[in-house]
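Fold and contact review
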Amino acid sequence: MSQYSEEIERRRTFAIISHPDAGKTTLTEKLLLFGGAIHVAGAVKSNKIKKTATSDWMEIEKQRGISVATSVMAFDYSDHKINILDTPGHQDFAEDTFRTLTAVDSVIIVIDIAKGVEAQTRKLMEVCRMRKTPVIVFVNKMDRDGKDPFDLLDEIEEELQIKVRPLSWPIDMGQRFRGVYNIFEQKLNLYTPSKQYVTENVEFKDITSPDLETYIDPTQAAKLREDIELIEGVYPEFDVNTYLDGDIAPVFFGSALNNFGVKELLDCFIRIAPSPRPIQAVERVVDPNEDNFTGFIFKIHANMDPNHRSCIAFVKICSGRFERNANYKHVRFGKMMRFSSPTAFMAQKKEVVDEAFAGDIIGLPDTGNFKIGDTLTSGEELHFKGLPSFSPEMFKYIENADPMKAKQLNKGIEQLMDEGVAQLFTNQFNGRKIIGTVGQLQFEVIQYRLLHEYAAQCKWEPISLYKACWIESDNKQALENFKKRKAQYMALDKEGRDVYLADSSYVLMMAQQDFPDIKFHFTSEF
């Protein structure tokens, strides 16, 4: 056992994912409230404070009311150190979310009772399934009318392809919502709307007892008894190991906005959710309890502070302890580096930390030394894998709108691309720069951020392309022939690798048929 085991056991690092508007940012904020990290609930809604949620801090997020970049927040709660990653729900930023999922040990999925499972949630769940990440489901907005809870559970099982087990159960919903029965702790949690603070809890081991009627009306009591009986009959008993293997998802019901059901979720979460787990590197499996430090960069964020032109590289610590001012090896460069001001996060408030342990996420000021996927170690040659870039679906030429600001534009593009916001391809035929993204909204974000953070103006020009594919081949001659034939459609990505820009699915299919010796890849990780 490592000398740091106790610290590492206390860690819970997880991401909150959902479709936009399911209430993810509100839930994050309520969790921070319990951790004492913020002191006023509804800092989102109250005009006395700022009109924005704690975790949405980029200008464009405040204007649009959506989360664009993943934010990291840490707090302590009942002797556990909790690291939350709040991810963008909007599908145009899915890539940021996919990468974030590589840095967490478990996930909470928020589902809106009225809307049920939405497309984006399905896609994120696939990533969790691929990585065997344990999942807890929080069904939100119980104070509004929505689907029947049993129907919703069936929908979750079917759509997300995971078995579920309710650990709390709602007593009615909408106007008639009276609270939830906490199956996990056998308590009745009564709901009183209009309160900003937590509602009353009643120990209630035996719901067959007539005392139940003193709290909720007889028809609701009868229905609750019936429902619970049905749940015990239909769903297997809750088993923590099945959850940890990613095979079953516990389900909680509540209303994040009214701060209801959130504490129950958190209390159960710290009991059952995994502490940091072993991570597969290319060379070997890295155990969090090893004494030596290892970590990888899963995200780079430019301009966390617009007054300083700095980037921050987010590092997920995989093993051991990280110390300020110690020497660590930057594996890709093969050289040792020291970090004098590593930071921990509370949304955009940063504080310098002297040490951090496996499971924690720290920020390192970056002057262009890091790329997504870089590994830092105490000296060992190690590479963490599994940080893909997906093949973009939308393309535009990016042009400079202000010739005096060419330098700023290039610097801005370079930093935003390092951040993984989008991908840059340089056409080998005419040298023009092409930006590829997963969604339309990213073009707006890039234009906005170039202007506000780098004082550079860009304009977009249309280009009709179908897909970008990375190509490679063992047959050098075939590769040369292909590049000659497709000269106008060949580009280089940021790493200088060959990328073929196909202008239609038919052309791509023909290319794959005509050049059997060439491998076409649709993610950059090969």
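Before reading further, recall that the structure is shown in the block above.
Because the structure is a prediction, the values reported are computed rather than measured. (Residues numbered from 1 in each chain as written. Predicted model: local features only at pLDDT ≥ 70, side-chain atom pairs only at ≥ 80, totals over all residues. Heavy atoms only, no water.)

**With respect to the overall build of the chain**
In terms of regular secondary structure, the chain is built from 14 helices and 31 strands. Put simply, the chain has 526 residues, and 56% of those count as buried. Look at the contacts in the chain between residues 6 or more apart in sequence, and 71% of them connect residues 24 or more apart. (Helix = DSSP H or I, 4+ residues; strand = E, 2+ residues; numbered from the N terminus. Buried < 20%, exposed > 50% of the residue type's maximum accessible area, 1.4 Å probe, protein only. Contact = heavy atoms within 4.5 Å.)

**A look at helix H11 (residues 406-418)**
The end-to-end C-alpha distance of H11 is 18 Å, a good match for the 18 Å that 13 residues give at a rise of 1.5 Å each. Within H11, the full set of buried residues consists of Leu409, Gly412, Ile413, Gln415, Leu416, Met417 and Asp418. Of the residues trailing H11, Gly420 is marked for its positive phi of about 80°. (Expected span 1.5 Å × (residues − 1).)

**A word on unusual backbone geometry**
Phi at Asp172 takes a positive value of approximately 65°, unusual for a residue other than glycine. Inspection of the secondary structure assignment puts Asp172 in the loop between strand S7 (168-171) and strand S8 (179-182).

**Focus on the packing of aromatic side chains**
Evaluation of the coordinates by the stated rule reveals 19 aromatic pairs. Summarising the aromatic geometry, the rings of Phe482 and Phe520 are spaced 5.9 Å apart at their centres and angled 80° between planes, so their arrangement reads as edge-to-face. Separated by 38 residues along the polypeptide, Phe482 in helix H13 (residues 476-485) and Phe520 in strand S31 (residues 519-521) bring together distant segments of the chain. With a relative accessible area of 13%, Phe520 lands in the buried category. In textbook terms, an aromatic cluster arises when at least three aromatic residues are bridged by ring pairs, as seen for Phe293, Phe322, Tyr328, Phe339 and Phe370. Between the NZ or CZ atom of Lys396 and the centre of the ring of Phe443, over which it lies, the distance is 4.6 Å. Over the ring of Tyr397 we find Arg432, and its NZ or CZ is 3.7 Å from the ring centre. (Phe/Tyr/Trp six-rings, centres within 6.5 Å; stacked < 30°, edge-to-face > 60°. Lys NZ or Arg CZ within 6 Å of the ring centre and 35° of its normal.)

**Section: the pattern of salt bridges**
One pass over the structure, following the stated rule, counts 30 salt bridges. A salt bridge links Arg165 to Glu232; its shortest N-O distance comes to 3.1 Å. Here Arg165 is found in strand S6 (residues 163-166), whereas its partner Glu232 is found in helix H8 (residues 218-234), with 67 residues between them in sequence. Assessed through its relative accessible area of 3%, Arg165 is described here as buried. Residue Glu232 is classed as partly exposed on the basis of its relative accessible area, which comes to 43%. Across the salt bridge formed by Arg284 and Glu380, the nearest N and O atoms sit 2.8 Å from each other. On the criterion of sequence distance, the pair formed by Arg284 in the loop between strand S12 (279-280) and strand S13 (285-286) and Glu380 in the loop between strand S23 (375-377) and strand S24 (394-400) is long-range, its members being 96 residues apart. Using a relative accessible area of 32% as the deciding quantity, one classes Glu380 as partly exposed. Through salt bridges with shared partners, a single ionic network connects Glu7, Arg10, Arg11, Asp76, Lys81 and Asp360. (Salt bridge = Lys/Arg side-chain N within 4 Å of Asp/Glu carboxyl O.)

**Observations regarding the nonpolar core**
In this structure, Leu101, Ile156, Trp169 and Leu224 are the most contacted members of the largest nonpolar core, which totals 60 residues. Considering every element that reaches this core, the biggest residue donor is helix H6 (residues 149-160), with 5 residues. Residue-level mapping places this core at the junction of two domains, with at least three residues from each of domain 1 (18-55 + 85-270) and domain 2 (277-375). Apart from residues lying up to four places away in sequence, Trp169 is in contact with Pro149, Phe150, Leu153, Gly179, Val180, Tyr181, Ile183, Leu224, Asp227, Ile228, Ile231 and Phe253. Judged by nonpolar contacts, the second largest core, of 30 residues, contains Val110, Ile248, Phe252 and Val262. (Core = buried A, V, L, I, M, F, W, Y, C linked by side-chain atoms within 4.5 Å. Domains from an automatic or database assignment.)

**Here's the deal with the side chain of Thr13**
With respect to the helices and strands, the residue Thr13 is situated in strand S1 (residues 11-18). Classification of Thr13 by relative accessible area gives buried; the value is 1%. Separated by 2.5 Å, the side chain of Thr13 and the backbone oxygen of Gly359 make a polar contact. For Thr13, the residues in contact, after removing those within four places along its chain, are Asn83, Leu85, Ala103, Val104, Asp105, Ser106, Gly359 and Ile361. (Polar contact = N/O pair within 3.5 Å; in protein donor to acceptor, adjacent residues only side chain to side chain.)

**Things to note about the pairing of strand S17 (residues 327-330)**
In the sheet, S17 pairs with strand S18 (residues 335-338) via 4 bridges, with the strands oriented antiparallel. Note on S18: the bridge partner recorded for Lys329 is Met336. Linking two consecutive strands that pair antiparallel, namely S17 and S18, is a turn of 4 residues; a positive phi of about 65° is found at Gly334 within it. Sheet analysis places S17 next to S23, joined by 2 bridges and oriented antiparallel. Bridging from a neighbouring strand, Lys329 pairs with Thr377 of S23. (Pairing = 2+ DSSP bridges.)

**Notes on H8**
In this model H8 runs 24 Å from its N-terminal to its C-terminal C-alpha over 17 residues, within 8% of the 24 Å that 1.5 Å per residue would give. Among the structural elements, H6, S6, S7, S8, strand S9 (187-190) and helix H7 (212-215) are those in contact with the buried residues of H8.

**A short note on the sheet that holds strand S26 (residues 433-437)**
Strand order in the open sheet formed by 8 strands is S27-S24-S26-S25-S29-S30-S28-S31, with antiparallel pairing between adjacent strands. Each edge of the sheet is formed by a strand with only one pairing partner; in this case those strands are strand S27 (458-462) and S31. Ignoring which end each strand starts from, the neighbouring axes of this sheet average 40° apart. Judged from the 4 bridges that link them, strand S28 (residues 467-472) and strand S30 (residues 498-502) form a sheet pairing that is antiparallel. (Axes fitted to C-alpha atoms, helices over the stretch in contact; angles between N-to-C directions.)

So far we have only geometry, and geometry alone does not tell us how the molecule works.
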